[in-house]
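# Chains, contacts and geometry: an overview
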Amino acid sequence: MSLMKSATRTAEKVSGNAEPGRPVLSVRNLRKHFVRSNGAKVPAVDGVSLDVAAGECLVLLGPSGCGKTTLLRSIAGLEHPDSGEILIEGRRVYSSEARVDRPPQQRSLSMVFQSYALWPNMSIFDNIAYPLRQRGVARGEVRSEVERICSLVGIGEVVSAYPNHISGGQQQRVALARALVSGDSLVLFDEPLSNVDAKVRKDLRVELTALQSKFGFAAVYVTHDQEEAMELGHRIAVLERGTVAQLADPRTLYSLPVSHYVATFVGSANELEGQVESVTPDGAVISTPLGKVVAGRAGLDVEAGSTAVAVFRPERARVVAEQPTGPNAWPVTYRSEMFSGNHAEHVVTRDHVIYRVWSDGVSAPPAPASEAWMCVDPADVHAFRPRSDANG
Ligand SMILES: Nc1ncnc2c1ncn2[C@@H]1O[C@H](COP(=O)(O)OP(=O)(O)O)[C@@H](O)[C@H]1O
Ligand SMILES: [Mg+2]
């Protein structure tokens, strides 16, 4: 969207423009509320701070209504926040204190939306050339730049077609190409792949990652799809009612979630709620309908006498026929196995509650309806204060 840049600004220049150590994007304590028609105040973005480095893809993940789009639109300058600060390449583009609020075209960023936002009466070539022509880039240079980008994103064959004659996946590639020719060091994505089918979505994710490492732009990528978040994000910010519940790399987020909300939104989880009997150096002992649960990883807000929820991943648990020794072994009824070659999901129940256990599927499962034991190492059990409610 920058009007100043030349079309020849290439990968090297984008990454070369980033000062080492300085984030491309900094958001400081940003707030934005809406007022509903009934007068209720909705804090859509409620004190968010984050940094995104050159070449980094930061994913904003969370359920519908948690504030992802409002945060992204505020960064883009399409929404006017209440307070806080936004810096792009060290330049203040929004500051409530300094009374700065630059329009989108002065923020050196591009956006790719869920709807492709292509001009239907322009060819693919012209759609992609548009930002370059707007900047007065010379004709020959426009052609070579558009062709270069089109072959990079795999739409070289369709440059002369019109948007409604190409597939959804191709249209999204065009939108991506248009963002890339701008040469902006920050690209914002709002659920860009949710309208393309599963196979194309997977391919485009791989390409997006490759293009990002080639061009070195910083990306903020909004999705409610945790698999997409894990695959694309160098880091993921899980949003909860306008706040950052946790910001971490995908592995940390998965193995060390900080709250019940994060643990259950990212990845599959078995959950057992109960009363905390005691908290010892070995973990919290929780009395649940399944029996005693020892949670080796207990949050600080888990105290004796309080209600807590124990959470463990299906791949950390095991189902065995004989009662094992040690803590965290509970009698269950074996229900069924879903075997998919390299993976098996075992369903067990107790008091009509379903628990899931994953294995590599190598050994034969217990017979359906037989009595079995589910067990998990205390070190793999997290305990949290139960989450209060969903986003609204
Ligand atoms: N223009 C608006 N007027 C009133 N409320 C809004 C408006 N835009 C968003 N909201 C509310 O702000 C919250 C966050 O919305 P949004 O940022 O769109 O969430 P997400 O993108 O995560 O689904 C929601 O409760 C939504 O209803
Ligand atoms: Mg949204």
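Look up: the structure comes first, before these words.
Residues numbered from 1 in each chain as written. Chains lettered and ligands numbered in written order. Predicted model: local features only at pLDDT ≥ 70, side-chain atom pairs only at ≥ 80, totals over all residues. Heavy atoms only, no water.

Relative to each other, helix α5 (residues 168-181) and helix α6 (residues 198-215) sit at 15°, their axes nearing to 11 Å. The angle between the axes of α5 and α6 places the two elements in the roughly parallel class. Read as a crossing pair, α5 and α6 show a hand that is right-handed. Within the contact between the two elements, α5 uses G169, Q172, R173, L176 and L180 and α6 uses V200, L204, E207, L208, L211 and F215. In terms of residue class, the contact of α5 with α6 is made up of seven nonpolar, two polar and two charged. (Axes fitted to C-alpha atoms, helices over the stretch in contact; angles between N-to-C directions. Helix = DSSP H or I, 4+ residues; strand = E, 2+ residues; numbered from the N terminus. Parallel < 35°, antiparallel > 145°, perpendicular 65-115°, else oblique. Left-handed = near helix turned anticlockwise from the far one by under 90°. Contact = heavy atoms within 4.5 Å. Nonpolar A, V, L, I, M, F, W, Y, C, P; charged D, E, K, R; others polar.)

Every one of the 13 residues lining ligand 1 counts as a neighbour, but G65, G67, K68, T69 and T70 are closest to it. Taking T69, its side chain carries an N or O atom lying 2.9 Å from an oxygen atom of ligand 1. Every element with two or more residues in the shell around ligand 1 is listed here: β2 (41-52) and α2 (68-76). The element contributing the most residues to the shell around ligand 1 is α2, with three residues. By residue class, the composition of the shell around ligand 1 is five nonpolar, six polar and two charged. (Near = heavy atom within 4 Å. Polar contact = N/O pair within 3.5 Å; in protein donor to acceptor, adjacent residues only side chain to side chain.)

Let us now look at the pattern of salt bridges. According to the stated counting rule, one finds 23 salt bridges in the structure shown. The closest approach of N and O atoms between E79 and R73, which form a salt bridge, is 3.0 Å. Here R73 falls in the partly exposed class, since its relative accessible area comes to 28%. Across the salt bridge formed by R205 and E228, the nearest N and O atoms sit 3.3 Å from each other. Taken together, the residues R205 in helix α6 and E228 in helix α7 (residues 226-232) connect sequence positions 23 residues apart. Residue classification places R205 among the buried positions, given a relative accessible area of 4%. (Salt bridge = Lys/Arg side-chain N within 4 Å of Asp/Glu carboxyl O. Buried < 20%, exposed > 50% of the residue type's maximum accessible area, 1.4 Å probe, protein only.)

A separate point is unusual backbone geometry. The backbone of N29 shows a phi angle near 45°, a positive value even though the residue is not glycine. Within the secondary structure layout, N29 lies in strand β1 (residues 25-35). Unlike most non-glycine residues, A369 shows phi in positive territory, near 75°. Take A369: it is sitting in the loop between β20 (353-359) and β21 (371-376). Here A369 falls in the exposed class, since its relative accessible area comes to 53%.

As a further point, take the nonpolar core. I128, I155 and F189 are the most contacted members of the largest nonpolar core, which has 49 residues in total. A total of seven residues in this core trace back to one element, the largest contributor, which is α5. The residues touching I128, leaving out its near neighbours within four places in the chain, are V146, C150, I155, V174, A177, R178 and V181. With 28 residues, the next largest nonpolar core counts V24, L58, I88 and M111 among its residues. (Core = buried A, V, L, I, M, F, W, Y, C linked by side-chain atoms within 4.5 Å.)

A few words now on the sheet that holds strand β13 (residues 283-288). Taken together, six strands build an open sheet; the order of strands is β14-β13-β12-β16-β22-β15 and the sheet is mixed. Each having just a single partner strand, β14 (291-295) and β15 (297-298) make up the two edges of the open sheet. Looking at chain direction, β15 and strand β22 (residues 382-384) are connected through two bridges and run parallel. Its bridge partner lying in β22, R297 is registered against H382. (Pairing = 2+ DSSP bridges.)

The contact between helix α3 (residues 124-134) and helix α4 (residues 139-152) brings their axes to 10 Å, and the two run at 125°. Viewed along their axes, α3 and α4 adopt a mutual orientation that is oblique. With respect to the hand of their crossing, α3 and α4 are arranged in right-handed fashion. For the pair formed by α3 and α4, the contact residues are F125, I128, A129, L132 and R133 on the first element and V142, R143, E145, V146 and C150 on the second. Its residues assigned to classes, the contact of α3 with α4 shows seven nonpolar, no polar and three charged.

With that settled, consider the side chain of D190. Structurally, D190 can be placed in strand β8 (residues 186-190). Buried charged residue D190 carries no salt bridge. Nearest counter-charge: K68, at 7.1 Å. Polar side-chain contacts of D190 include one of 2.9 Å to the side chain of T69. D190 has contacts with T69, L72, V112, F113, Q114 and V222, leaving out every residue within four places of it along the chain. (Lys, Arg positive; Asp, Glu negative; His and termini not counted.)

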